[in-house]
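These are the residues of each chain, in order.
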Amino acid sequence: MEAQGALGASIDAVRRTPQGRLSVWLAGCLAALVAFYLSGFRHPPGWGSLRTGCLTLAVFALAALYRVRKRWTWWDLRTMWFGARLPARLGGWWRRADRLETWRHVHIAAGLGVMIPLWWHIQEGAGASRLEIVLLAIVGLLLVSGVSGVLIQDFLPHAMRIRPGYEVRLEDIEGALHDLYVEAEEAILGRPEAFVQTYLRDIRPLMLGSPRSAALLWATLTGSDPTTAVTDRLAHRQPETSDPAAWERLTKLVERKLRLDHNRVNLRLSRGWVSAHLVLVVLLAVLVSFHIAGALYFAGL
Amino acid sequence: MTAQSAATAPDELWRLLQQCDALRTFSEREREALLTAIPHEPGMGVRRFAARELICRKGEYELSLCIVLEGCAAVVNDVDPALPPTAIFMPGSIFGELGAMRGRPRSSDVAALAPTLVFFVPRHALKYLEVNEYARNLLAERYREHAVRAMMHQVDLFAALPREFIDRLIPHCRIERHDLRGVPVVQQGAEGTGFYIVLDGFVQVVRQRDDQQNRVLAYLREGECFGEMSLLGSGFAWASVLTAGKCELIKIDKDGFRELCRDFPAVEQRLREVIARRQEQENRVTAELSELLEKSGQLGIIQAEALLVMDLDRCTGCDNCVSACESLHGRSRLIRNGVQIGQYLVPAACRHCDDPKCMNACPTGAVRRRAEGEIYFDYEACIGCGNCAIACPFDTIMMIDTPVFDAAQARKSAIMGREFFRPPAPESREEPVGLLGQLLGRGRRKPLTRPQPAPAEATHVPSSYPIKCDLCDGLPFMGCVHSCPTGAAMRIEAAELFANLHVVTSRAHVRRVEEAG
């Protein structure tokens, strides 16, 4: 691994941006949040529920800008357009600050930081209706999904990479599974009947079926290898008359198939949590608009 | 440069061209072929330059041979143009053969001293000159002398040696060309026949150890030398040297070089230092590193000048790099899959190779290279033959149908807007945008579509066009790198990648806007 380490060092030397773990940043933000809460710092005395509400909304909007920056090229180009007109030194700084990496850090800080104006806003409020309770629950879920997302994005890529024979893209897995199945079917051609029967009974269902996602997810969480139990079981079911090399080859194919299934679950998890997070954001946006409309209707400005 | 194309009658042009030695022995048929080709070959023709105007600029990849027809040109000092010129080109003189014949950037600034007419023969049209045996030999001889002289000035080994050394060295040099990978130039244990300097491309140094294991020790690139151990040591080669792709080598014959080493002891002293470094390198290269180097050589990673690398320990598979590429260019030029080296993925995206096969395969010179090293397509000259896509060993060039290409270019134009970061090409047309476009501040945009030929010339529209990564030419950032939320994607020169392993030296001239600051 010495050469790999040297490659990594070369890459780190070229990469000019800080490469700390995102979870460390998250922990830092959480600690700052707790410290702020414990310090008992309050908002300025004149600030009522309107101002604290507006501040909460602004911080929510800041957090949401990350998504805009991520998916809307127009925004990015305009930012760059502005940067191109700044003096060279400042422009370089601006360009680095606009990297999506930086935006992600800001997103996390804003996502956690919104708790402070929200807390003030709740204290200023005149009791919570059902809508506000649901709203708070959604904010809580959003926070949980965000923290989970950070942990998933921080640790899952490494956990996937250390397993051999994994695919980088989700869309390549189906093709790889198909190739494995074809290889397994070809491997039994010309074998004795007993061997074929054992294959049909013990291996083909594994090649065609999918293990339970929950079990694979558990394997990811615990760091265990989901293939061990299956390959041990297959080792005991080897037909007596068979060619051991052929059985071992089939076992390897099953092992690779299970790894691909595991890889698929991991990749879906890697992207899937974002969908959950986005659904919660949309729900929150809808409920917040109801909340604002209600507040304006009943209390006015 | 504001040179103007100068229309010259064929007979008059031929009269002027005959001042050049290389064209004097042309037969009637060869003359006809050359003159007929001029209107059809992109970049071939006469250009007029005003006094003091630059004809070619140092570092630019304008791969044309220049023949001075009228006036006078000179090599000027790029640091202080007021200094006297180092070489003067009178009518009939040739310059630029290093670029035209080897695909290397211009080695110096050449400016017109008086109003000057220059005939440009681009790299892809050299065949019209080389068809004549005398011209071919003359160009080859000039190329040899210029290439050797230019290289000797760059080689560290010969730095600070008197001019006399190089003058005496040149007659002992010859150029060896190799087109394939893995061709043995020097065999370990064989008697040394000469001293080599890499003129272009890469060679691989492999040594078989006492335990019979082969270890790849290093890759040598232009300006580096080998073969010194057999000349100064035992007389037998200490390691094998194989070509790592297409390469050109300067071979200096053994006896001539030994004689020069005797007369200039400083060379021998420096060579002894090189030998010590090489032997030290053997101890540093482990089996794992050797395997990594071998794999990197096979996959062409070693010669990449702007390699897109993704750290798989950080990549979350969000495909934002691909989306950003698609957003900016209308169609993604990047596939997030490819070669894996340990935890790093080298996806299928143009690597802007040191020796671009696509550029060599293009029959019209439509594949070009900027001074910064980026390889790009000049769609005006492209005929859609697809040779570049076939020649690319890494499958990073895609041919897309013309309607899809046009739509993609229009999309890019719509996003980038008018005069966004770089002034648009003067040939592009203006097109009004809708109300929304105006509100968004685009004004009247200039689409980056193919230039529309005049009706009389509109005879051929290619059915497809090549696309590939151009490092987001025209933008102050690279979309894929800039839009990676985890910092997993980065562009790096192969030599930088292997910097800590001391196995490839760096040239580091490719644009790296991300870090430029």
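Everything below is about the structure printed above this text.
Predicted model only: the values in this text are computed from it and were never measured. (Residues numbered from 1 in each chain as written. Chains lettered and ligands numbered in written order. Predicted model: local features only at pLDDT ≥ 70, side-chain atom pairs only at ≥ 80, totals over all residues. Heavy atoms only, no water.)

1. Some points on the overall build of chain A
Right, on to step 1. Regarding its fold elements, chain A presents 13 helices and 0 strands.
Right, on to step 2. When its helices and strands are written in sequence order, chain A yields α-α-α-α-α-α-α-α-α-α-α-α-α.
Right, on to step 3. Looking at chain A as a whole, 41% of its 301 residues qualify as buried.
Right, on to step 4. Sequence separation of 24 or more characterises 84% of the internal contacts of chain A that already satisfy a separation of 6 or more.
Right, on to step 5. Put simply, chain A shows about 16500 Å² of open surface, and 67% of that area lies on carbon and sulfur atoms. (Helix = DSSP H or I, 4+ residues; strand = E, 2+ residues; numbered from the N terminus. Buried < 20%, exposed > 50% of the residue type's maximum accessible area, 1.4 Å probe, protein only. Contact = heavy atoms within 4.5 Å. Areas by Shrake-Rupley, 256 points an atom, 1.4 Å probe, with all protein chains shown as cover.)

2. Some details on the pattern of salt bridges
Right, on to step 1. Taken as a whole, this structure holds 42 salt bridges over all chains when the rule is applied.
Right, on to step 2. Put simply, E185 of chain A and R204 of chain A hold a salt bridge, and the shortest N to O gap is 2.9 Å. Of this pair, E185 of chain A sits in helix α9 (residues 173–187) while R204 of chain A is found in helix α10 (residues 193–208), placing the two residues 19 residues apart along the sequence.
Right, on to step 3. With a shortest N-O distance of 2.7 Å, R24 of chain B and D21 of chain B are connected by a salt bridge.
Right, on to step 4. Relative accessible area serves as the criterion here: at 36%, D21 of chain B is assigned to the partly exposed category.
Right, on to step 5. Taken together, the salt bridges that share partners define one network made up of E174, K257, D261 and R264 of chain A. (Salt bridge = Lys/Arg side-chain N within 4 Å of Asp/Glu carboxyl O.)

3. Considering the packing of aromatic side chains
Residue and element names in this part refer to chain B.
Right, on to step 1. Overall, the coordinates contain 18 aromatic pairs over all chains when judged by the stated rule.
Right, on to step 2. Between F165 and F264, the aromatic rings sit 5.0 Å apart at their centres with planes inclined by 85°, giving edge-to-face as the arrangement. Here F264 lies in the loop between α8 (254–263) and α9 (265–284) and F165 lies in helix α6 (residues 163–169), a separation of 99 residues in the sequence.
Right, on to step 3. The exposure class of F264 is buried, given its relative accessible area of 11%. (Phe/Tyr/Trp six-rings, centres within 6.5 Å; stacked < 30°, edge-to-face > 60°.)

4. Here we look at the interface of chain B and chain A
Right, on to step 1. Contact with chain B, which involves 58 residues of that partner, is made by 48 residues of chain A.
Right, on to step 2. The contact between chain B and chain A buries some 4800 Å² in all, and 52% of this surface belongs to carbon and sulfur atoms.
Right, on to step 3. The tally of links between chain B and chain A comes to 2 salt bridges.
Right, on to step 4. Between R161 of chain A and D313 of chain B there is a salt bridge, with its nearest N and O atoms 2.6 Å apart.
Right, on to step 5. The interface formed by chain B and chain A contains 13 residue pairs in polar contact (both at pLDDT 80 or more).
Right, on to step 6. Sort the elements by how many residues they give to the side of chain B that touches chain A and strand β19 (residues 335–341) of chain B lands first, with 5 residues.
Right, on to step 7. When the residues that make up the side of chain B that touches chain A are grouped by side-chain class, the tally is 29 nonpolar, 17 polar and 12 charged. (Buried area = accessible area lost by both parts, 1.4 Å probe. Polar contact = N/O pair within 3.5 Å; in protein donor to acceptor, adjacent residues only side chain to side chain. Nonpolar A, V, L, I, M, F, W, Y, C, P; charged D, E, K, R; others polar.)

5. What to know about the sheet that holds strand β20 (residues 344–348) of chain B
All names here are of chain B.
Right, on to step 1. Ordered by their spatial adjacency, 4 strands build an open sheet running β19-β20-β18-β25, and the pairing between neighbours is antiparallel. Two strands in the sheet have a free side with no partner beyond their single neighbour: β19 and β25 (489–492). Each strand of the sheet is rotated relative to its neighbour by a mean of 40°, with strand direction disregarded.
Right, on to step 2. Summarising the sheet, β19 and β20 pair through 5 bridges and their orientation is antiparallel. Note on β20: the bridge partner recorded for G338 is P347. (Pairing = 2+ DSSP bridges. Axes fitted to C-alpha atoms, helices over the stretch in contact; angles between N-to-C directions.)

6. Brief notes about unusual backbone geometry
Residue and element names in this part refer to chain B.
Right, on to step 1. Positive phi, close to 70°, is recorded for Q212, a residue that is not glycine.
Right, on to step 2. Among the structural elements, Q212 can be located in the loop between β13 (203–208) and β14 (214–220).
Right, on to step 3. At D395, a position not held by glycine, the phi torsion is positive, near 55°.
Right, on to step 4. Within the element layout of this structure, D395 appears in the loop between α13 (387–391) and β23 (398–401).
Right, on to step 5. By relative accessible area, which is 61% here, D395 ends up exposed.

7. As for helix α12 (residues 228–236) of chain A
Residues and elements named next belong to chain A.
Right, on to step 1. Residues of α12 that are buried: V230, T231 and L234. Each buried residue of α12 lies within a common arc of 95° when the element is viewed along its axis, so the set occupies one face. Those residues of α12 that are exposed and angled more than 90 degrees off the buried face are A229 and H236.
Right, on to step 2. Residues of α12 that are buried in the fold lie against α10 and α13 (244–299). (Arc of directions from axis to C-beta.)

8. With respect to the sheet that holds β13 of chain B
All names here are of chain B.
Right, on to step 1. In space, the 4 strands of this open sheet follow the order β11-β16-β13-β14, with antiparallel pairing throughout. Strand pairing shows two members of the sheet lacking a second neighbour, β11 (181–186) and β14, which therefore form its edges. Within this sheet the neighbouring strands show an average axis-to-axis angle of 30°, counted without direction.
Right, on to step 2. Along the sheet face, helix α10 (residues 287–298) touches β11, β13 and β14 and points at about 55° away from the line of β14.

9. A word on the environment of R258 of chain B
Right, on to step 1. Its location among the elements puts R258 of chain B in helix α8.
Right, on to step 2. For the pair R258 of chain B and L231 of chain B, spaced 27 residues apart in sequence, the C-alpha to C-alpha distance is 7.3 Å.

10. Describing the pairing of strand β12 (residues 194–200) of chain B
Residues and elements named next belong to chain B.
Right, on to step 1. β12 sits mainly inside the fold: 7 of its 7 residues count as buried.
Right, on to step 2. Bridge analysis of β12 against strand β17 (residues 247–253) gives 6 bridges, and the strand direction is antiparallel. Opposite I197, over in β17, you have I250 as the bridge partner.
Right, on to step 3. Bridging between β12 and strand β15 (residues 225–226) involves 2 bridges; their strand directions are antiparallel. Each bridged residue has a counterpart across the sheet, and for Y196 the counterpart in β15 is F226.

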